[in-house]
Each structure stands twice: as C-alpha cells, then as structure tokens.
Amino acid sequence: MNNRILEPGAVLGVLGGGQLGAMFIAAARRMGYRGAVWDPDPEAPAHQTAVHSFTTPFSDPAGREQFANIVQATTLEWENVPAELCGWLEERCPMRPSSVVLRRLQDRIAQKQFLLSRQLPVSSFAIVESARQLVSAVNRLGFPAVCKTATSGYDGKGQWILRTPSDVKQLETILGQAGSGRRWIVEQFIAFARELSVLVVRNEGGEFRIYPVVENRHERGILRDTCVPASVDCGVAERAKELAMHAIAALEGIGVFCAEFFHTEDGNLLINEIAPRPHNSGHYTLDVCTVSQFEQQVRVTCGLPLGETRLLSPAVMVNLIGEEVRSVLSAEGSSALHSTSGAVLHLYGKQMIRPGRKMGHVTFTGSQKEMVTAAAQQFIKNLGRVD
Ligand code: AMP
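Residues numbered from 1 in each chain as written. Predicted model: local features only at pLDDT ≥ 70, side-chain atom pairs only at ≥ 80, totals over all residues. Heavy atoms only, no water.

Student: Could you clarify how one ought to interpret the sheet that holds strand 9 (residues 184-188) in this entry?
Tutor: Either a parallel or an antiparallel arrangement is found when strands of a sheet pair, and the pairing is made through backbone hydrogen bonds. The four strands lie next to each other as 6-9-7-8, forming an open sheet whose pairing is antiparallel. The outermost strands of the open sheet, each flanked by one partner alone, are strand 6 (125-128) and strand 8 (159-162). For this sheet, the mean inter-axis angle between neighbouring strands, taken without regard to orientation, is 20°. One ladder, built from four bridges, connects strand 6 with strand 9; its direction is antiparallel. Counted as the bridge partner of Ile127 is Ile185 from strand 9. This element, helix 6 (residues 133-141), spans strand 6, strand 7 (145-149), strand 8 and strand 9 of the sheet and lies at about 175° to strand 6. (Pairing = 2+ DSSP bridges. Helix = DSSP H or I, 4+ residues; strand = E, 2+ residues; numbered from the N terminus. Axes fitted to C-alpha atoms, helices over the stretch in contact; angles between N-to-C directions. Contact = heavy atoms within 4.5 Å.)

See the structure below:
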C-alpha cells in the first residue's frame, strides 16, 4: 500500500512492546502521533505509554481486525513477530518494514543466503536441519564454530560456541531433544578485532540516511556498550556504510535497519546480521544526534521527510543488564549518576529484574571522546560490584 504523509493525530501501530517500542511511542507522541502497541505480554513496557494497547496473542483473528481498524500505519520493534500478520496488515495500511523484508531477515538462514546471493560478505556457514547434521557441518567449517537457532534467538539465547568434539557431542544431544522442524545455522567463529554497526534509514523513494559507524562490545552475547564514533579509519567506516546501504537497497527495505559487522585484524568486514528495526547500538542517537533512530522510524512510517543524522558529540552507551540496574535505583547510586556531567539515564520501567534482561541504559556524552570513554568504563567497573 502506498505511503501518503500521515498527519499528526494519526494512530501508529507497533508490533512488540519492549523498550524499543516504548521509545518509538515516545518519539511518536512528541511529534503529535498516537501509539497503538500490540504485545501479548501485558507487562511489556510500551503498554505503559500507548494510547491503545492490545494483549491478545498475535494469532487472534478478532485482535488483528481491531488493531487494523485503529492504526493508520504499522511498524515493528522486534523481528520475531509473525510475518504472516505483517502481510495481512500491509494490505490494509502501510507496514514498515514490509512482510517480505521481515521474512528474509527474521530467519538467520534466509538472511545469510540472501546476503550471499548479493555478493555481500558473510562468515562461512552451514545449515543444520537435524542433530545428525551437526558433526558434518562442524567438520566442514572447522573449530571454533558457532551454532545458532535459525529463528527466535536474541541476546546470545539459542547460541552455542563449539571449540572441541565434546562440545559438539553435548550440543548434538540438546538439538536432538528439540522438536521437529527446528533448524540451526552453524557459522565459522570469527576472531574479530572489533564489532561495528551502522544504522540505515531508507524511505519509499529509495532515499537513505545513515548514522556514524559505532563500535560494540558484547559480554556473554549481550551488548555491553557502544562507543561512537568507532575507532576505525575513515576508509573502514565508509566501507561499512557502503555495505550496509548496499544490503538495504538489495532488500528494497523501507524503514530503520541496523547492520552489524565483524571487523577482522586483516581489515575485512563481514556482515554478522541485519535487524529490520531500531537497535540497542543506536540508543545513543536519542541523546547525541539531531534526529534519533526512533524519530526516523516515525518519519519513515508516516511518509515524512527523513531527518538529519548528525552526531553532536562523542558518546558511550552502557546497558544496565539484570541486577546492574539496582546501582542506579538506590538514592546514592542515582544521585552519583545524576551528578556525573553528560550522563543521561534511561530506565525501561520493567517490573521484574531477571539475569540478562535489559533494564535500562546510560549514555555518557561530552566533547572529548577519551573523557567520555573513561567515565563509561569507570561506571561499568562499579556496576560489576553490584551484580
Ligand atoms: P548475534 O545474535 O548473531 O548478533 O550474536 C551475538 C554476539 O555473539 C555477536 O555480536 C558476537 O559478539 C558473537 N558472535 C555471533 N556470531 C559469531 C561468529 N560467527 N563469530 C564470532 N562471534 C560471534
């Protein structure tokens, strides 16, 4: 369906109600739009800020009729929503990104095959459709390797690193216990020098906006921090941007996307994965860019002109994971943070603290990258004492 410009007052739907959905709704509200959130979890943070809230399962036929009757355009904040639902919705209103793009990206195998078919650089991989195929996949790729569920994995969940034949034996048993129809992808483990990512926005007319290249550090599969700009030379940053734009153009993607890269010691860039939505590594845009990734999502969903992506200052975004959030909940911790110049706290309003759960983040900003990095690293060090 064609995207005419939706005027303020329109209702924008978002599938998924996590923190990304809540930040989308906040941007939409500021711009005069109303939000409708659909997430079967009534505790999902975005429900707190939405004007309309849907908590039925995504498969509920009455729920989809009601949702479609209310929204004038829809987007998503999580790739694991049913593509079939997106396909049904896009016959009724603009859906950003489209169901075709979502189908390609929500399955790791389909995504890798697509990128490979477009000559985009990815790590070597093998498809595993039963536990028995695991050994031959690892034999072909060699140790170490990483096995990932084809669908539904996130934050290191459904992911195993294989370093020895005994790791393979153990994983064979786990995969053997999974239900039928499950698929996995085994990838060569990349000994990267650093991880980079780039946010790309593309509208219906094929116009792009691209954000600076950022550097990410993960711990146990979860994003620990993001530093912007990345410490790479201009040539590498330009190549990452070009690869990201090439990938999104090949997908004919409309929306906000994040391309994640491995940058190897010998200077190669490999695309690890592409997310069809704003990304945790793009949260810094809320505090140090003229237009944030969430405002871009509103703009592209409404058919508005895309916004400027200028970086106003260096920044480091630090996630508050699980129990770490307690460090900013106490009077002492919270006032220490709020008296740190340039530190901006974002809490997601999640009731339950669980290990590995993203509870909030802090963006450290300032004119000197070294000072911002030092403040963020000191903060992380102190977090370690809480967990
Ligand atoms: P993913 O869910 O694919 O983004 O993986 C989460 C994190 O696990 C990545 O950001 C990397 O730190 C690590 N990882 C995933 N795949 C690989 C790989 N093939 N080689 C090395 N590290 C990986």
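Student: For this particular structure, what's the right way to read the packing of aromatic side chains?
Tutor: Centre distance and the angle of the planes are the two values used to describe a pair of aromatic rings. Summed over the entire model, instances satisfying the criterion amount to six aromatic pairs. Ring centres of Trp38 and Phe54 lie 6.2 Å apart, and the angle between their planes is 45°; on these two criteria the pair is classed as tilted. In this pair, Trp38 sits in strand 2 (residues 34-38) while Phe54 sits in strand 3 (residues 52-54), placing the two residues 16 residues apart along the sequence. Neither residue differs from the other here; Trp38 and Phe54 are each classed as buried. Clustering of aromatic rings is evident, with ring pairs tying together Trp38, Phe54, Phe58 and Phe67. When the ring centre of Trp88 is taken as reference, the NZ or CZ atom of Arg92 above it lies at 3.6 Å. (Phe/Tyr/Trp six-rings, centres within 6.5 Å; stacked < 30°, edge-to-face > 60°. Buried < 20%, exposed > 50% of the residue type's maximum accessible area, 1.4 Å probe, protein only. Lys NZ or Arg CZ within 6 Å of the ring centre and 35° of its normal.)

Student: Teacher, can you tell me more about the sheet that holds strand 5 (residues 95-96) here?
Tutor: Pairing is parallel across the open sheet formed by five strands, whose spatial order is 3-2-1-4-5. Only two strands of the sheet have a single partner each, and these edge strands are strand 3 and strand 5. Taken together, the five bridges between strand 1 (residues 11-15) and strand 2 define a ladder with parallel strand orientation. For Val14, the partnering residue across the bridge sits in strand 2 and is Val37.

Student: Just checking my understanding: could you explain the state of the cysteines for this structure?
Tutor: Working definition: the covalent bond between the sulfur atoms of two cysteines is a disulfide. Going through the model one piece at a time under the given rule, you end up with zero disulfides. With no disulfide of its own, Cys93 lies closest to Cys86 among cysteine sulfurs, the gap being 10.0 Å. Among the cysteines around Cys289, which has no disulfide bond, Cys258 carries the closest sulfur, lying 13 Å off. (Disulfide = S-S within 2.5 Å.)

Student: Help me out: how do you make sense of the packing of helix 6 against helix 7 (residues 165-177) in this one?
Tutor: The angle between the axes and the distance between the axes are what describe a pair of packed helices. In contact at an axis separation of 9 Å, helix 6 and helix 7 are set at 140° when each is read in the N-to-C sense. On the basis of the axis angle, helix 6 is oblique to helix 7. Read as a crossing pair, helix 6 and helix 7 show a hand that is right-handed. For the pair helix 6 and helix 7, contact is made by Leu134, Val135 and Val138 and by Val168, Leu171, Glu172 and Leu175, respectively. Tallied by class, residues from the contact of helix 6 with helix 7 come to six nonpolar, no polar and one charged. (Parallel < 35°, antiparallel > 145°, perpendicular 65-115°, else oblique. Left-handed = near helix turned anticlockwise from the far one by under 90°. Nonpolar A, V, L, I, M, F, W, Y, C, P; charged D, E, K, R; others polar.)

Student: Where do I start with the site of the ligand in this structure?
Tutor: As a matter of local geometry, the ligand sits amid 14 residues, with Lys148, Glu187, Ile190, Glu195 and Glu273 nearest to it. Contacts to the ligand include Arg108, whose side-chain N or O atom sits 3.0 Å from an oxygen atom. Contact distances for the ligand include 2.7 Å between an oxygen atom and a side-chain N or O atom of Lys148. Here the ligand loses 92% of its free accessible area of 470 Å² to cover by the protein chains. Going through the elements one at a time, strand 7, strand 9, strand 10 (192-202) and strand 15 (269-275) are the ones with two or more residues in the shell around the ligand. (Near = heavy atom within 4 Å. Polar contact = N/O pair within 3.5 Å; in protein donor to acceptor, adjacent residues only side chain to side chain. Areas by Shrake-Rupley, 256 points an atom, 1.4 Å probe, with all protein chains shown as cover.)

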